[in-house]
Every structure is written in C-alpha cells, then in structure tokens.
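Residue-level structural notes
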Amino acid sequence: MRQKVRQIVDATLHALKARGDIAFDIIPPYAVELPKNLEHGDWACNVAMVMSKAVGRKPTELADALIANLVDPHSVVVSVERAGPGFLNFRLADVVFQRVVSEVLAAGVQFGRRPPRSTGRKVMVEFVSANPTGPVHIGHARGAFMGDAIARLLDAAGHDVTREFYINDYGKQVETLGRTVHKRYRELFGEAVTLAEGEYPAEYVIDIAKTWRAEVGDTYLRRPEAEWLPAAIEVGTRENLKAIKATLAKANISHDVFFSEASLHASGAVRSIVDVYKARGVTYEAAEGRRKDNKEKVRDADSKAAQYADRQLGGTFLMTATWQDEKGKTPLKDEEDRIILRADGTPVYLTADLAYHKAKFDRGFDLCVDVFGADHAGHVPRIQSGMHLLGIDPKMLEFVLVQLVRITRGGEEVKVSKRKGTLFELADLIDEAGADVCRFIFLMKTRDAQFDFDLDAVTRQSKDNPVFSFQYGHARCASILKKAVEKGMPFVGAAAVTDAHLARLVLPEEKMMLKKISQLPDVVASAADRLEPHHVLYFCQELIGDFHAYYTQYRTDPIIGDDPVKTQGRLALVAALKQTLQCAFRILGIEAPEHMEAPADEG
RNA sequence: GCGCCCGUAGCUCAGCUGGAUAGAGCAUCGGCCUUCUAAGCCGAGGGUCGUGGGUUCGAGUCCCGCCGGGCGCGCCA
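The rules behind each value
Residues numbered from 1 in each chain as written. Chains lettered and ligands numbered in written order. Predicted model: local features only at pLDDT ≥ 70, side-chain atom pairs only at ≥ 80, totals over all residues. Heavy atoms only, no water. Pairing = 2+ DSSP bridges. Helix = DSSP H or I, 4+ residues; strand = E, 2+ residues; numbered from the N terminus. pLDDT = per-residue confidence, 0-100. Salt bridge = Lys/Arg side-chain N within 4 Å of Asp/Glu carboxyl O. Near = heavy atom within 4 Å. Polar contact = N/O pair within 3.5 Å; in protein donor to acceptor, adjacent residues only side chain to side chain. Expected span 1.5 Å × (residues − 1). Buried < 20%, exposed > 50% of the residue type's maximum accessible area, 1.4 Å probe, protein only. Contact = heavy atoms within 4.5 Å. Phe/Tyr/Trp six-rings, centres within 6.5 Å; stacked < 30°, edge-to-face > 60°. Lys NZ or Arg CZ within 6 Å of the ring centre and 35° of its normal. Axes fitted to C-alpha atoms, helices over the stretch in contact; angles between N-to-C directions. Parallel < 35°, antiparallel > 145°, perpendicular 65-115°, else oblique. Nonpolar A, V, L, I, M, F, W, Y, C, P; charged D, E, K, R; others polar. Right-handed = clockwise from strand over helix to strand, strands pointing away.

1. Quick word on the sheet that holds strand 2 (residues 43–45)
The sheet built from four strands is open, its strands ordered 1-2-4-3 with antiparallel pairing. Both outer strands of the open sheet, strand 1 (32–33) and strand 3 (77–83), are each paired with one neighbouring strand and no more. When strand 3 meets strand 4 (residues 87–92), the two strands line up antiparallel, connected through six bridges. Bridging across to strand 4, Ala83 finds its partner in Phe87.

2. Comments concerning the confidence of the model for chain A
On average, residues of chain A carry a pLDDT of 90, and 95% of them reach 70 or more. Element-level mean pLDDT values for chain A span from 71 in helix 16 (residues 455–459) up to 97 in strand 6 (residues 160–167). Here the predicted complex carries an ipTM of 0.94, next to a pTM of 0.93.

3. Notes on the pattern of salt bridges
Within this structure, the stated rule accounts for 37 salt bridges. A salt bridge links Glu225 to Arg179; the nearest nitrogen and oxygen atoms lie 3.1 Å apart. With Glu225 in helix 8 (residues 225–250) and Arg179 in helix 6 (residues 172–188), the pair connects residues that are 46 residues apart, well separated along the chain. Residues participating in the shared-partner salt-bridge network are Glu215, Glu234, Arg238, Glu239 and Lys242.

4. Brief notes about the protein's contact with RNA strand B
Close to RNA strand B lie 77 residues, the nearest being Phe87, Gly314, Phe451, Arg476 and Glu597. The sugar and phosphate moieties of RNA strand B supply 59% of its atoms located within 4 Å of the protein. Note that a sugar or linking oxygen of RNA strand B is positioned 3.2 Å from one of the side-chain N or O atoms of Asn131. Listed by contribution, the elements that provide at least two residues to the surface near RNA strand B are strand 4, helix 6, helix 11 (304–307), strand 10 (338–342), strand 15 (451–454), helix 17 (466–486) and helix 21 (534–553).

5. Regarding helix 21
Counted at 1.5 Å a residue, the expected span for helix 21 with its 20 residues is 28 Å, and the 29 Å between its end C-alpha atoms agrees. Buried within helix 21 are the following residues: His534, Val536, Leu537, Phe539, Cys540, Leu543, Ile544, Phe547, His548 and Tyr550. Considering only its buried residues, helix 21 is in contact with helix 5 (138–156), helix 15 (435–443), helix 17, helix 19 (508–517), helix 20 (520–530) and helix 22 (564–588).

6. Description of the environment of Phe539
Structurally, the position occupied by Phe539 is in helix 21. Ignoring any residue separated from it by four or fewer positions in sequence, one finds Phe539 in contact with Lys516, Ile517, Gln519, Leu520, Val523 and Thr580.

7. Topic: helix 13 (residues 380–388)
Along helix 13, the residues classified as buried are Val380, Pro381, Ile383, Ser385, Gly386 and Met387. Among the structural elements, helix 10 (269–279), strand 9 (315–318), helix 12 (349–362), strand 11 (367–373) and strand 12 (397–402) are those in contact with the buried residues of helix 13.

8. Let's talk about the packing of aromatic side chains
In the structure shown here, the tally under the stated rule is 13 aromatic pairs. Plain terms: the ring middles of Tyr185 and Trp212 are 4.5 Å apart, the flat faces sit at 45° to each other, and that makes the pair tilted. Taken together, the positions of Tyr185 in helix 6 and Trp212 in helix 7 (residues 204–216) put the pair 27 residues apart, joining distant regions of the chain. In this pair, the class of Tyr185 matches that of Trp212, namely buried. Taken together through their ring pairs, the aromatic side chains of Tyr185, Phe189, Trp212 and Tyr220 make up a single cluster. The ring of Phe365 has Lys122 sitting right over it, with the charged end atom 4.6 Å from the ring centre. Between the NZ or CZ atom of Arg570 and the centre of the ring of Tyr554, over which it lies, the distance is 6.0 Å.

9. Side note on the sheet that holds strand 14 (residues 412–413)
Ordered in space as 14-13-15, the three strands form an open sheet in which the pairing is mixed. The two strands at the open ends of the sheet, each matched to only one other strand, are strand 14 and strand 15. Pairing analysis gives two bridges linking strand 13 (residues 405–409) to strand 14, with the strands arranged antiparallel. Within the sheet, the bridge partner assigned to Arg409 lies in strand 14 and is Glu412.

10. Notes on unusual backbone geometry
Non-glycine residue Val128 carries a positive phi angle of around 70°. Turning to its location among the elements, Val128 is positioned in the loop between strand 5 (122–126) and helix 5. Val128 gets classed as buried once you look at its relative accessible area, which sits at 12%. You will see that Asn252, though not glycine, has its phi angle at about 60°, which is positive. Of note, Asn252 is situated in the loop between helix 8 and strand 7 (257–260).

11. Quick notes on the packing of helix 14 (residues 426–433) against helix 15
Between helix 14 and helix 15, the least distance of the axes is 7 Å, while the angle of their chain directions is 110°. Regarding the angle of helix 14 to helix 15, the classification is roughly perpendicular. Across from Leu429, Ile430 and Ala433 in helix 14, the residues of helix 15 making contact are Ala435, Val437, Cys438 and Phe442. Class assignment for the residues of the contact of helix 14 with helix 15 results in seven nonpolar, no polar and no charged.

12. Notes on the pairing of strand 11
The buried count for strand 11 comes to six of seven residues, which makes it a mostly enclosed element. Here strand 5 runs beside strand 11; their pairing, made up of four bridges, is parallel. Each bridged residue has a counterpart across the sheet, and for Val123 the counterpart in strand 11 is Leu367. Of the strand pairs in this sheet, strand 11 and strand 12 are connected by six bridges, and their pairing is parallel. By the bridge assignment for strand 12, Gly373 is matched with Val402. As a crossover connection, the stretch from strand 11 through helix 13 into strand 12 is right-handed.

13. What about the side chain of His159?
Within the secondary structure, His159 is located in the loop between helix 5 and strand 6. Side chain to side chain, His159 and Thr119 meet in a polar contact 2.7 Å long. Here His159 is in contact with Arg117, Thr119, Arg121, Val123 and Leu154, once residues within four sequence places are set aside.

Here is the structure:
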C-alpha cells in the first residue's frame, strides 16, 4: 500500500519535471508514513519538504504543484491535501485496503519476507560463542536471543544466513578447565583435592569427571600431564558444548556451524595471518605498543593493566592504532597498537580472532555480524582495525553490542559469578519462565538499553507478563476461525475469497489494521537493515492491540454474524491477521499458539 | 584519567535515522462478561524527553559543554 503511494508521488514528480515545472536529478529519500492523527489521512508524505531546497521551491508550493498534477491512473487516491508545513495527506480507496487481505493470504507463510536467498548476499551472524568452560548462563541470554532473532530477521530479508558459534577451545581457560576436570576425576577415586584460584568450583565439572571415569576408567590416574591434560580438555569442552547445545535448543536457538578456535591453531591459520600482516608492513617489534595520541597511559594503579604489567615483555605488534594511510592520516579507531606475538613467539587471543575473522571473509561472506556483550566492547576496534589492515571494507563487519542485564529477584540483584560457582544457568531461567517469555523480554529492548530483568514479574505468570496478551492475539484469531467452523460458517479459504466479501471491510478499525498489516514487509526490511528485531515486536504489539479493541468494540456486531458475505470478509481479515502474526512471530522466534487457556482467577 | 553506551509517565521501555498534539505495557483509580476465550476492552490521572547552549522552516532525535548511572581500558579468553 505504501508502495502505491510512492509510485504515485514518483510518477507525479517525473511528470512535473517533464513539463519543465521543476528540475532535479534524483529523488531524495522521503517518507511515506502512517500519521498518528487520523485527520491527517491514511498516508502522509514529506516529499515536498525534503525536496524543497533541491528544486528551489517552498514546500507548500511544491506540495500544491504535486496535488494539482497528481498522476494516478488507477484511481487509487480518493483525496490528497496539503497540510502543516507541506505534508501531503493521502486518502486511498477502500479497495486498496481490501486488496491487502488477498495479498497476505496469497503470500501465506512467505508474507513479509523476501524470497529465500534472493538478495545474493551471504551473511554470517556469530553469536553466543560462550566459553566451553561451563554452561550458558544468564549473562549470555541477551546476546543469544538477540543473535538468533537477528539471524531470523536477515533470513526473512532474503539473505543467505549462516549462524555460527565460535568455540574458544584453546588457551589458558580450557586448560584450567582440563586441570579442574582432572582434579575432580582424581577425587572420584578417593583422592582429596583442593581447587586452585581460578579453577572452576561448580558442580557441572564433577559431572564431567564422572562421565570421563565411565568412559576411560582409571586410565588417566597415573599418566603424565602431557597425556591427561589434552584428554581432560577434550572431555571437558565436549561435555560443556553438549550442555550448551542442549540449553540453546531449549531456547529455540540453533547454529549452523560450530567453529573451533583450536582448529585455527592446528591448521596454521593463526601463524599465517601474522605473516600476512608482516608482508603488508603493518607490524613491528617493540617492548610495548605505540599509542595513537602519544599520551601516556593513565590508569588506576589497581587496574588490570598495571596488575599484569610485569608479564608484558614485548613482541610483535600490529598497527591497530598508529597505521597511516597515503594521506598520512590514522583512520583506525584503536587507541593503542596491539601485540599479536608474545616475546616467546606464541600468539595471543586476538591473533586467533583476527585469523578467524579473515577466515570468515575467505569463506565468501559479504557481511559478518558479531553479537557481543558490552563487556567485550574493547575488543571491537582491534578486530575492525585488523580487518581494515587486510584491506577488507569495514562496512562488511558489523558489531552488535548488547548491554548487560541486571537480574533481580525480590528487589535485589542476583549476583552471578563463575569463579564462585554461583551460576544462574539459562536453562534454569527457561525452566522457570518459559522460552517465549525470556525471549520476549530480551527482544523488547533495543540492544543499547541496559535493563533490569525482574524474575518475580516474569515467573509469576500473571498479566504483568507481556507475552501472554501478545500471543493471545494470535490464539484469538485461531479461535475465531475455529468457532466459524463450529457455527457452520467456515472461512471459505484464501482461494475462494471474492471482492464482494472483501468489499464489506469498511470500518475504520478494519482499515487501520489492514494498513498496518501491509507494512510488515517494510518493517522487516528496515529492521533487518538496522539489525534491530524489536521493531518487529512493536509492530505486532500495535496490531494486536488494535485487534483486541476491534474485537471488543464489535461484540454486538460480531465477526461471525448473520450476513454470510460480511462474515466471510471479516473472517478473511482475521485469517490475514493470523497469517501476519504467525510470520512476524516466526521472525522473532516466538511460538504462535492456536489455543490459550485462561488461568483460573486467584482470590 | 580516557573510550563506548544510557538518561523519555510511579516502574520497565518504544519513538520508524529531523516532522504535525511525545507513545506502549505494567502499576493506580473508575467502568464493561446470557454473545467469537475478560490472559481482553473503554475511560481517567500521570511528562520542563537529565541539564545548559548551538545548528534550521522544525530537535526526544544532530553538534558542544555539564550532571547522573553502566561497561570497558590484559602479552585472560
């Protein structure tokens, strides 16, 4: 529907240009939007204001010229008025609204989506990427749901999407896991053990040790560390990954690829990227990294940097901050060059991550989206710089940083600490609140907003739980269609709906819903573009609110009424709405229930 | 100290990349079930969009300064 208005505006502009009334090269982007105020018509357009400077005419004059010369061969427009500072307020013919029903029903589950893989763009979304040293906990939840929804959204927008999980199965942390597993393993054979600082005290490690014992018996009790450690790491990461995958499945989250960091070391990719950088002349050997602004490091004495200063022995640095382009400018955003090889020649985490991102682009992705928690924000400019230094267009790499979430229960913050073993697992949260509720709460917010996740409100299963009335909108559609069958007036179906049926959709509430329904493709496209799933959620919320109001207001003139033609028209609207919600829910990853039972009244 | 993010109704948050009278949910108060599920609807109250400047036809939205909160600033991953 919006497109029809656009076509008319574009055609009119070109007609005015052809007549020599105005001159322009290209039509700048302008908005065709739903006005909040019904008096402002069905659709409002700001093109006259946007273009007024370019064509050297006052907005109001340009608006008048457009109105006077409107190109509308199919009589889509009933009226158009100039209002305010130069808005064009369009009213469209009822039939344009009614046609939305047919369009939705014809599109079916594809409504709102572009054809699969139709954009020709290969996109990767990397998300969760929780360390395989423990289960997925509540701190991962937001990024997990966000990443999954972004992947669904990009898929709906017609891109070829790969969902990936990067496994940090290399380095000190998994080594610590291996040592903890081995200690717990020895403990199972009666040995008294004490965990060292930094080792993982939580129970799941004991479970892993039990699994290990069941598999290998006492094999690794008296072997040298060089033998038991790799085996302990293997079983530890494997079992943790198994648990991680089980939790994600519970959350309706899936990945296509689990990519191992260790494999990058094994294949030599980590070594080779250092050579690539050296060949490009963007590295140097030094005792410490150069800083962009030449200022001294000013940090708190108890900062980690100061704390670990004695371990910083120099090595090979990558010019993530101080690299200069041909013009002598330093366009990279990092504030300090980063080490990629320690003094002893071993690579650091960043080196592997750079190799990983290079590998992504080598695999042919046009866009890589990384979903990180805000606590990894410092990592972003290094990877960006590193890719820039490989000659990769920075636009091909996007970071979605989700802010941290404060979990509260009984008004108090729930502290989570892997070190202390006080984990709050995502699996437990889902058991307690339900996958859809969790997902909904996390997706309701923009990624930049910090927020408090109130466990009491969510687990109470009461009406302050937003997802229920939301899903009830879909269930109500389903229920009405079912009721129509029971009453002997079943919906004739998408193929049999006639213009005569749809012509009975003339109520302002019906037209409003149809207007909004017609917007789903736009909402999806724009949300995908911005990597912001919450727009789809708020779209649903508005539509559902309209529907509940419509339903209640016309209880005395019900959808299933005495007039069979009108009934069919309204059932078609309900079917189209149900289809719209189903499509939108799928993009969000929320279930669209056919039926919901009202809870028993309390008190 | 430096960098990034946030500050909008009592609470939790939207606000479609600068548009018309700033919205939703929850909470509070008052109404609506012999009808297609009341997990719903209608109505009311509730705002100096943290603050002070600037940019322009027009600012919650863009720029600068301040105030308040969060996160980060490791040769851990």
